[in-house]
Amino acid sequence: MIVTLTLNAAVDKAYHIYGAVEPGTVMRVHTCRNTAGGKGLNVARVIKLCGENVMPSGLAGGNTGALLEALAYRDGLNSRFVHVNAQTRCCINILDEKNRSTEFLEPGEEVTGQEIQRFMAEFEKICTDAEVVTMSGSVPKGVGKDIYRVLVEKVKGWGKKVILDTSGELLKEGIQAAPHMIKPNQEELGMLLKRPVTTLEEAKEAAMELHAKGIGYVVVSLGKDGALLVCDQGILHGIPPRIKAVNTVGCGDSMVAAFAVAFRRGYTAKESLKYAVAVSAANALSEQTGHFEPEELERIYPCVRVRDLAVSESYKRF
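This write-up is about the structure you can find in this document. (Residues numbered from 1 in each chain as written. Predicted model: local features only at pLDDT ≥ 70, side-chain atom pairs only at ≥ 80, totals over all residues. Heavy atoms only, no water.)

### Notes on the sheet that holds strand β11 (residues 217–221)
Line of reasoning, step 1. Sheet architecture is open: 10 strands sit in the order β5-β4-β1-β8-β9-β10-β11-β12-β13-β14, paired in mixed fashion. What marks the edges here is a single partner per strand, and that holds for β5 (80–84) and β14 (305–308).
Line of reasoning, step 2. Direction of pairing for strand β1 (residues 2–6) relative to strand β4 (residues 54–61): parallel, over a ladder of five bridges. Bridge assignment links Ile2 to a residue of β4, and that residue is Val54.
Line of reasoning, step 3. Contacts from helix α3 (residues 113–126) reach β1, β4, β5 and β8 (132–136) within the one sheet, and its direction differs from that of β5 by about 165°.
Line of reasoning, step 4. Those strands touched by helix α7 (residues 200–211) are β10 (181–182), β11, β12 (227–231), β13 (234–239) and β14, and its axis lies near 35° from that of β12. (Pairing = 2+ DSSP bridges. Helix = DSSP H or I, 4+ residues; strand = E, 2+ residues; numbered from the N terminus. Contact = heavy atoms within 4.5 Å. Axes fitted to C-alpha atoms, helices over the stretch in contact; angles between N-to-C directions.)

### Things to note about the pairing of β8
Line of reasoning, step 1. In terms of burial, β8 is largely enclosed, as five of its five residues are buried.
Line of reasoning, step 2. Residues Val132, Thr134 and Ser136 of β8 are buried on one face, and the alternating residues Val133 and Met135, pointing to the opposite face, are buried as well.
Line of reasoning, step 3. Both β1 and β8 contribute to a ladder of four bridges, which runs parallel. Across the sheet, Ile2 pairs through a bridge with Val132, a residue of β8.
Line of reasoning, step 4. The sheet contact formed by β8 and strand β9 (residues 161–165) spans five bridges and is parallel. (Buried < 20%, exposed > 50% of the residue type's maximum accessible area, 1.4 Å probe, protein only.)

### Digging into the packing of aromatic side chains
Line of reasoning, step 1. Under the criterion given, the structure shown has six aromatic pairs.
Line of reasoning, step 2. When the centroid spacing of 5.8 Å and the interplanar angle of 85° are considered together, the rings of Tyr267 and Tyr275 count as edge-to-face.
Line of reasoning, step 3. Within the aromatic cluster, the residues linked to one another by ring pairs are Phe119, Phe123 and Trp158.
Line of reasoning, step 4. The ring of Tyr301 is capped by Lys274, whose NZ or CZ atom sits 4.7 Å from the centre of that ring. (Phe/Tyr/Trp six-rings, centres within 6.5 Å; stacked < 30°, edge-to-face > 60°. Lys NZ or Arg CZ within 6 Å of the ring centre and 35° of its normal.)

### What to know about the pattern of salt bridges
Line of reasoning, step 1. The full count for this structure, using the stated rule, is 18 salt bridges.
Line of reasoning, step 2. Note that Lys39 is salt-bridged to Asp165, the shortest N-O span being 3.5 Å. One end of the pair, Lys39, is in helix α1 (residues 39–49); the other, Asp165, is in strand β9, and 126 residues separate them in sequence.
Line of reasoning, step 3. What makes Asp165 buried here is its relative accessible area of 3%.
Line of reasoning, step 4. Residue Lys224 is joined to Asp225 by a salt bridge in which the shortest nitrogen-to-oxygen separation is 3.7 Å.
Line of reasoning, step 5. Here Lys224 falls in the exposed class, since its relative accessible area comes to 61%.
Line of reasoning, step 6. A cluster of three or more residues bridged by salt bridges with shared partners is formed by Lys39, Asp165, Lys183 and Asp253. (Salt bridge = Lys/Arg side-chain N within 4 Å of Asp/Glu carboxyl O.)

### Observations regarding the pairing of β5
Line of reasoning, step 1. Two strands pair when backbone bridges link them, and β4 and β5 are joined in this way by five bridges, in the parallel orientation. Opposite Gly58, over in β5, you have Phe81 as the bridge partner.
Line of reasoning, step 2. After leaving β4, the chain enters helix α2 (residues 62–74) and then returns to the sheet as β5, a path that is right-handed. (Right-handed = clockwise from strand over helix to strand, strands pointing away.)

### Points about the packing of α1 against helix α8 (residues 251–265)
Line of reasoning, step 1. Look at α1 against α8: their axes get within 8 Å of each other, and the N-to-C directions meet at 50°. In this view, α1 runs oblique relative to α8, as classed from their interaxial angle. Here α1 and α8 pass one another in a crossing that is right-handed. Side by side, α1 and α8 meet where Lys39, Asn42, Val43, Val46 and Ile47 of the first sit next to Asp253, Ser254, Val256, Ala257, Ala260 and Val261 of the second.
Line of reasoning, step 2. For the contact of α1 with α8, the per-class residue count stands at seven nonpolar, two polar and two charged. (Parallel < 35°, antiparallel > 145°, perpendicular 65-115°, else oblique. Left-handed = near helix turned anticlockwise from the far one by under 90°. Nonpolar A, V, L, I, M, F, W, Y, C, P; charged D, E, K, R; others polar.)

### As for the packing of helix α6 (residues 186–193) against α7
Line of reasoning, step 1. Across the interface, α6 lies against α7 with an axial gap of 11 Å and an inter-helix angle of 55°. Relative to α7, the element α6 lies oblique. Handedness of the α6/α7 crossing: left-handed. Two secondary-structure elements touch here, α6 through Leu189, Leu192 and Leu193 and α7 through Ala203, Ala206, Ala207, Glu209 and Leu210.
Line of reasoning, step 2. Per-class residue counts for the contact of α6 with α7 are seven nonpolar, no polar and one charged.

### Quick notes on the sheet that holds strand β6 (residues 89–95)
Line of reasoning, step 1. Taken in spatial order, the four strands of this open sheet run β3-β2-β6-β7, and their pairing is mixed. Each end of this open sheet is capped by a strand with a single partner; those strands are β3 (29–37) and β7 (101–105). Adjacent strand axes in the sheet meet at a mean angle of 20°, parallel and antiparallel pairs treated alike.
Line of reasoning, step 2. Pairing geometry for strand β2 (residues 10–17) and β6, over seven bridges, is parallel.

### Some points on α6
Line of reasoning, step 1. Listing the buried residues of α6 in full gives Gln186, Leu189, Gly190, Leu192 and Leu193. One side of α6 holds all its buried residues, which, seen down the axis, span an arc of 160°. Residues of α6 that are exposed and point more than 90 degrees away from the buried face comprise Glu187 and Met191.
Line of reasoning, step 2. Packing partners of the buried residues in α6 comprise α5 (168–174), α7 and β11.
Line of reasoning, step 3. Of the residues one or two after α6, Lys194 is the one with positive phi, at around 60°. (Arc of directions from axis to C-beta.)

Everything listed here is a matter of geometry and, on its own, says nothing about what the molecule does.
Written out as structure tokens, the structure reads:
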């Protein structure tokens, strides 16, 4: 089983509008879709679509928290959230007729130290049957920046593989515990190492530096150019076929989900990267966040190319 952790979960509201967003005016929403959101919930939905058992967890509170759990249940997810007094946040994604995305992300309300300690005790029970644990996204107020470092250390101590997908100080602290895998994008990688990461060569060098610190899989997401993987098995670049993306929100979460599934199934590094790039590309063809159509995955998977950069003599600028 795979457990996904979302400490700062949200009810995601996708607003589809005609035309473009016009500040200072009244905008009529054509359709609205509510989803159990936060990066870890997106991960959980994709894991389920991939055919693996998954249990989403995290913090939930108030009426919005109750709605979050109901929406997760609607999606067929057996979640185990730890309840807190703080109201679960809402996040809004406005999609115009050109599929341009404008997001408004609420901060998480403050949780208490006592609630965090209660969560820690419950999380060990939640992870009992897990083989892989993913930890995704931001944290609400009241939660220390070292929370992922502490959690990664605990989960590794329980004999589980850990994927950490966060940014900023949370990532900087979290990597001190050497999770099995991290998945920064180029901007996050540059902020972490305090230098520009704009070319494939720079991404490769940065990922190699982090891998040398004990992180098993360093995956750098490259948007339409796929993903770079540095691990003990090599330096690989997964390249998707060209597609006409409908909604790129959740593509990174889909990649995390696919790697979690790959670890659960014992795939090789090359197989894992090819599968993850295909799942991420299939997600981009769906209007729903954290979703793909199985037939699209079947169509895309054979078209994904994986290059071994360890033996390549030239690298393209993208």
